[in-house]
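Residue strings, one per chain:
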Amino acid sequence: MLELFSQEEEPYIPNLTNGELHYYPAFLNAKEAANLYHELYNTTPWQEDKITVFGKTYDQPRLTALYAIDPTPYTYSNITMHPHPMTKSLLDLIHKISDVKAHDFNAVLLNLYRDGKDSNGWHADNEKELGKNPVIASISLGEQRYFHLKHRTLKDQRLKIKLKHGSLLIMGGEMQHYWLHQVPKTTKFISPRINLTFRKIA
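Just so you know, these numbers come straight off a predicted model, no measurement behind them. (Residues numbered from 1 in each chain as written. Predicted model: local features only at pLDDT ≥ 70, side-chain atom pairs only at ≥ 80, totals over all residues. Heavy atoms only, no water.)

K.L.:
What's the story with the overall build of the protein in this structure? I'm lost.
P.N.:
Along its length, the protein carries 3 helices and 16 strands. Taking 17 Å as the expected radius of gyration for a compact globule of 202 residues, we find that the protein reaches 16 Å, a close match to that expectation. The principal-axis extent of the C-alpha atoms belonging to the protein is close to 45 × 40 × 40 Å. Relative to its full complement of 202 residues, the protein shows a buried share of 48%. Relative to all contacts within the protein whose residues are 6 or more apart in sequence, the contacts with residues 24 or more apart total 74%. Put simply, the protein shows about 10500 Å² of open surface, and 53% of that area lies on carbon and sulfur atoms. For the protein, the distance from the average site of its 24 positive side-chain charges to the average site of its 22 negative ones is 6 Å. (Helix = DSSP H or I, 4+ residues; strand = E, 2+ residues; numbered from the N terminus. Rg over C-alpha atoms; globule rule 2.2 N^0.38 Å. Buried < 20%, exposed > 50% of the residue type's maximum accessible area, 1.4 Å probe, protein only. Contact = heavy atoms within 4.5 Å. Areas by Shrake-Rupley, 256 points an atom, 1.4 Å probe, with all protein chains shown as cover. Lys, Arg positive; Asp, Glu negative; His and termini not counted. Charge placed at Lys NZ, Arg CZ, Asp CG, Glu CD.)

K.L.:
How should the packing of aromatic side chains be read in this particular structure?
P.N.:
To describe a pair of aromatic rings, you give the distance between the ring centres and the angle between the ring planes. A full pass over the atoms with the stated rule returns 3 aromatic pairs. An angle of 25° between the planes, with centres 5.8 Å apart, marks the rings of Y37 and Y41 as stacked. Placement of both Y37 and Y41 in helix 1 (residues 30-43) is noted, with a separation of 4 residues, approximately one turn of the helix. Relative accessible area serves as the criterion here: at 36%, Y41 is assigned to the partly exposed category. Look at F105 and F198: their rings are 6.4 Å apart centre to centre, the planes differ by 65°, and that puts the pair in the edge-to-face class. With F105 in the loop between helix 2 (88-98) and strand 9 (107-113) and F198 in strand 16 (residues 193-199), this residue pair connects regions lying 93 residues apart in the sequence. Between the NZ or CZ atom of K150 and the centre of the ring of W122, over which it lies, the distance is 4.4 Å. One cation-aromatic arrangement involves K160 over Y146; the distance from NZ or CZ to the ring centre is 4.7 Å. (Phe/Tyr/Trp six-rings, centres within 6.5 Å; stacked < 30°, edge-to-face > 60°. Lys NZ or Arg CZ within 6 Å of the ring centre and 35° of its normal.)

Geometric values such as these leave the question of function open.
Quick look at the structure:
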């Protein structure tokens, strides 16, 4: 069953099997979201890494940057990133997220989707450094993009959310064991989107 969330201002908490998801479409107000978008777009040291899929190497279809309190490198999808020191703006966001979901986040992975060709394929945030049942908090800025989720084994368990500028999405519980998520490509002409995914790296 495909469920599509309408863009209301109230929190959205779907009843999922083997997972917890909370979506707050108005986590940041319009001014906060706009200021943060422009700051991150213009000051982040964006990088484009290589990714190997089925033996072929490509440019990763988005730009990224990692910030963390601890300077320990972080590896995902065979990409090792060396974090930049956490900025005041990002630390302020961690404190603001903690008012919604108490968690000791210590790192944030930023993704810049430059246009509709940039994407993120089906995956789970299940690296061992994130622990058994990681909590992932995701803030979206800029262009709205669809966020797809599907259960690994229950084919009728699917979800699609159009992530709003200034919104917060939190995944927890057993989500990363049983669910996959993606941001698919689109042929529509769209503006850039920045996504910040906060996590705790052991």
